[in-house]
Amino acid sequence: MSSFVGVVVSDQWLHSQFTQVELRSLKSKFVSVKNHNGKVTVGDLPALMVKLKAFSTMFTEDEIRKILSESYSDMNDEIDFETFLRVYINLQGQASGKSGGSKNSSSFLKASTTTLLHTISESEKASYVRHINIYLADDPFLKQFLPLDPATDDLFNLAKDGVLLCKLINVAVPGTIDERAINTKRVLNLWERNENHTLCLNSAKAIGCTVVNIGTQDLVEGRPHLLLGLISQIIKIQLLADLDIKKTPQLVELVEDSNADIEELMGLAPEKVLLKWMNFHLKKGGYEKTVSNFSSDLKDAKAYAYLLNLLAPEHCNPLTLDTKDNTERAKLVLDHAEKMGCKRYLSPTDIVEGSSNLNIAFVAQIFHQRNGLSVDSKKISFAERMTDDVQISREERCFRLWINSLGIGSYVNNVFEDVRNGWILLEVLDRVAPGSVNWKHASKPPIKFPFRKVENCNQVVKIGKHLKFSLVNLGGNDIVQGNKKLIVAFLWQLMRFNMLQLLKSLRSRSRGKDITDAYIINWANRKVKSTGRATQIESFKDKSISNGLFFLELLSAVEPRVVNWNLVTKGESDDEKRLNATYIISVARKLGCSIFLLPEDIIEVNQKMILTLTASIMYWYLQQAAEEGETTSANGDGSTCTSDASAPPSVCGEDESSSLCGEISSFTIDDAASDITVSSSQFDNEDITVE
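Bear in mind the structure is a predicted one, so any value in this text is a computation, not a measurement. (Residues numbered from 1 in each chain as written. Predicted model: local features only at pLDDT ≥ 70, side-chain atom pairs only at ≥ 80, totals over all residues. Heavy atoms only, no water.)

Caption draft 1: Quick peek at the overall build of the protein chain. Counting secondary structure elements, the protein chain contains 32 helices and zero strands. Relative to its full complement of 691 residues, the protein chain shows a buried share of 57%. For the protein chain, the proportion of contacts with a sequence separation of at least 24, taken over those separated by at least 6, is 67%. About 28400 Å² of surface is accessible on the protein chain, with carbon and sulfur atoms providing 48% of the total. (Helix = DSSP H or I, 4+ residues; strand = E, 2+ residues; numbered from the N terminus. Buried < 20%, exposed > 50% of the residue type's maximum accessible area, 1.4 Å probe, protein only. Contact = heavy atoms within 4.5 Å. Areas by Shrake-Rupley, 256 points an atom, 1.4 Å probe, with all protein chains shown as cover.)

Here's what the structure looks like:
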């Protein structure tokens with residue numbers, strides 16, 4: 001397994017301003033200049049900084065040079081890595097001021113971590129601690145440490161070994177992690193902690209969390225702002241789980257009985273559905289305003305009073321609406337909700353101050369306790385007919401999670417709805433084949449005119465053809481119309497292209513050949529055979545794969561200590577196959593693989609998902625040798641730079657090639673690490689092999 005020490009910065013304050021993912025990426029850039037020039041001077045920084053994603057759209061090279069000249073009189077002065085970091089922070093601050101501050105995304109799942117603002121909300125912390133105390137109180141391992149005290153750092157200290165986060169993920173989405181793969185001892189060694197955090201981060205991605213810029217070392221250190229951000233996402237995924245028409249068909253009552261309206265509802269983010277549900281009842285209850293957010297529109301608590309009076313009139317208190325004091329009204333609202341059985345996620349002050357995260361949690365609790373929706377069997381039957389077949393749903397889930405793991409600007413809630421304007425597909429294409437998109441001919445949402453959507457999708461198809469995808473019968477209008485089978489076919493080829501290019505990028509460093517399906521199968525068979533085992537597969541459709549033994553042997557071959565053979569079954573019955581399949585997925589994630597398949601995909605031998613699993617293991621294995629070589633060269637100036645097995649892509653997002661030290665064990669293109677860059681001119685002429 002790879003080490004976890006990370007990049008060490010002697011100045012503790014400076015160290016705290018960056019995640020380990022950012023430090024590794026920036027270290028990689030610094031070392032590349034030093035290796036090329038023998039040293040790094042102030043004069044080298046403008047050309048370097050302007051290529052970083054954080055500054056490329058904010059400054060020109062001359063502007064950066066001018067900023068530096070205000071602090072450094074001699075541009076030939078040599079600088080060390082820590083000085084480089086201070087310059088980065090200074091430019092980051094000026095960029096933030098220049099843009100007037102960052103704009104918050106409407107979706108809590110898209111909110112990425114910033115390293116400039118490290119303040120944490122004590123109210124949110126207390127709320128999450130209460131949640132953990134309630135839902136994990138009976139956990140066989142954690143109950144010895146619970147309840148946690150919200151007034152102390154108990155939460156951050158307990159989270160440092162990774163067990164709490166893994167268990168919380170399983171509360172949010174049961175069965176995500178095979179708990180046999182979690183290292184659970186009262187005192188864990190550093191390797192075991194790192195494995196737990198690697199398993200946690202890869203599993204968090206697999207339930208829809210955005211973990212860009214969080215590495216295992218950040219969790220080992222117990223960084224409060226990063227931990228709370230991750231815990232917040234996990235808890236909200238749990239609380240908003242029922243806001244899905246597949247799980248709660250009664251939600252169809254919120255729209256007219258038409259296919260278009262229901263499809264639109266299915267494409268909404270969970271918190272948007274929650275808002276729609278709230279306004280649906282408020283309108284019925286006579287509330288004249290429309291609630292458009294979970295912050296300022298709820299500060300006077302009147303909307304809550306109307307909502308609860310409608311849903312639970314038996315607990316209604318006339319004083320709630322009569323009182324003139326907002327804080328007093330908020331208190332009465334919480335008392336009303338508590339009588340309904342709602343857990344208290346916030347205080348009256350949190351409502352009055354407009355705490356968005358806590359308000360979402362509170363409204364979700366109300367929905368969970370009493371949604372007030374119809375049980376009209378005709379409407380429910382209509383909604384159920386709108387849902388996809390099982391295979392399509394599985395593939396939609398896989399592609400949605402994969403796209404969201406790429407760290408693009410948009411967040412996908414429903415693939416078939418969200419890709420129809422073409423913009424997200426262009427973002428993905430630009431990430432996996434940099435330089436392939438002509439942004440001058442692309443329209444960014446919201447898009448008023450339908451023909452603009454068609455133009456976007458036509459460019460998507462054109463790029464796919466240049467990448468040698470098989471796109472028979474696929475036109476831009478098919479994507480706009482939401483043709484699910486054709487969209488799935490395109491996305492699979494796109495994901496596969498990404499996988500093979502990533503593998504090729506590692507093999508090319510060893511003068512390797514192009515990566516093909518046959519090459520991956522042969523590699524896997526050779527690795528298993530090298531351990532003295534006889535199990536082999538003929539293809540990704542080989543029915544023998546269903547018992548799980550081949551993949552357990554492959555995982556053991558690439559890292560002998562990762563599989564506990566005492567937990568492995570013979571895979572003869574359906575139950576034994578499922579036990580092995582769930583264990584395989586968690587062990588692979590624990591190793592460092594970012595994968596999105598389900599146990600059913602292994603049991604049923606889903607050819608596509610079997611390829612992604614095998615390629616991910618191969619990618620992790622090849623990456624280790626590459627990282628060991630890069631680590632040796634990167635330590636020339638005395639600092640430590642070692643791999644973080646689960647590290648997501650860096651925010652820096654540079655376009656030029658660099659060290660693999662910052663690359664991740666997943667199928668996500670890391671701009672800072674990938675050397676697969678296709679310029680616009682190259683793209684028109686290059687023949688890219690994917691077979």
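Caption draft 2: Region of the structure containing the environment of Pro 318. Tracing the backbone through its elements, the reader meets Pro 318 in the loop between α15 (302-311) and α16 (319-322). Its relative accessible area of 58% is what places Pro 318 among the exposed residues. For the pair formed by Pro 318 and Leu 332, sequence separation is 14 residues and the distance between their alpha carbons is 9.9 Å.

Caption draft 3: Region of interest: the packing of α15 against helix α17 (residues 326-340). At a minimum axis distance of 9 Å, the contact between α15 and α17 shows a crossing angle of 30 degrees. Comparing their axes, α17 and α15 come out roughly parallel. For the pair α15 and α17, the sense of crossing is left-handed. Note on element contacts: α17 touches α15 through Arg 329, Val 333, His 336, Ala 337 and Met 340, opposite Lys 302, Tyr 304, Ala 305, Leu 308 and Asn 309. Classifying every residue of the contact of α15 with α17 by side-chain character gives six nonpolar, two polar and two charged. (Axes fitted to C-alpha atoms, helices over the stretch in contact; angles between N-to-C directions. Parallel < 35°, antiparallel > 145°, perpendicular 65-115°, else oblique. Left-handed = near helix turned anticlockwise from the far one by under 90°. Nonpolar A, V, L, I, M, F, W, Y, C, P; charged D, E, K, R; others polar.)

Caption draft 4: Looking closely at the packing of aromatic side chains. All told, the structure shown has 15 aromatic pairs when counted by the stated rule. With a centroid separation of 5.1 Å and an interplanar angle of 55 degrees, the aromatic rings of Trp 423 and Trp 439 are classed as tilted. Residue Trp 423 is located in helix α23 (residues 423-432), and its partner Trp 439 is located in the loop between α23 and α24 (450-466); the two are separated by 16 residues in the primary sequence. Through successive ring pairs, a cluster of aromatic residues spans Phe 30, Phe 81 and Phe 84. Over the face of the ring belonging to Phe 81 we find Lys 27, whose NZ or CZ atom lies 4.5 Å from the ring centre. The side chain of Arg 533 reaches across the aromatic face of Trp 565, ending 4.5 Å from its centre. (Phe/Tyr/Trp six-rings, centres within 6.5 Å; stacked < 30°, edge-to-face > 60°. Lys NZ or Arg CZ within 6 Å of the ring centre and 35° of its normal.)

Caption draft 5: A look at the packing of α15 against helix α19 (residues 356-369). Relative orientation of the contacting elements α15 and α19 amounts to 15 degrees, with a least axis distance of 12 Å. Between α15 and α19, the crossing angle belongs to the class labelled roughly parallel. Read as a crossing pair, α15 and α19 show a hand that is left-handed. Contacts from Tyr 304, Leu 307, Leu 308 and Leu 311 of α15 reach α19 at Asn 359, Phe 362, Val 363 and Ile 366. Residues belonging to the contact of α15 with α19 are distributed by class as follows: seven nonpolar, one polar and no charged.

Caption draft 6: Representation of the pattern of salt bridges in the model. Applying the stated criterion to the full structure yields 23 salt bridges. The closest approach of N and O atoms between Lys 167 and Glu 179, which form a salt bridge, is 2.8 Å. Pair noted here: Lys 167 is in helix α9 (residues 163-172) and Glu 179 is in the loop between α9 and α10 (190-206), with a separation of 12 residues, a long-range link. According to the relative accessible area criterion, Glu 179 is partly exposed, its value standing at 34%. (Salt bridge = Lys/Arg side-chain N within 4 Å of Asp/Glu carboxyl O.)

Caption draft 7: Seen up close, the nonpolar core. One finds Leu 230, Leu 274, Trp 277 and Ile 366 to be the most contacted residues of the largest nonpolar core, which totals 175 residues. With 13 residues, the single largest contributor to this core is helix α26 (residues 484-507). Ignoring sequence-local partners within four residues, the contact set of Leu 274 consists of Leu 240, Leu 243, Phe 294, Ile 360, Val 363, Ala 364 and Phe 367. If you look at the next biggest cluster of nonpolar residues, it comprises 29 residues, including Leu 68, Phe 81, Leu 85 and Ile 89. (Core = buried A, V, L, I, M, F, W, Y, C linked by side-chain atoms within 4.5 Å.)

Caption draft 8: Fine view of helix α21 (residues 390-405). Its 16 residues place the ends of α21 23 Å apart at the C-alpha level, agreeing with the 22 Å of an ideal helix rising 1.5 Å per residue. A large share of α21 lies buried, amounting to 13 of its 16 residues. Trailing α21 by a residue or two, Gly 407 shows a phi angle of about 75 degrees, which is positive. (Expected span 1.5 Å × (residues − 1).)

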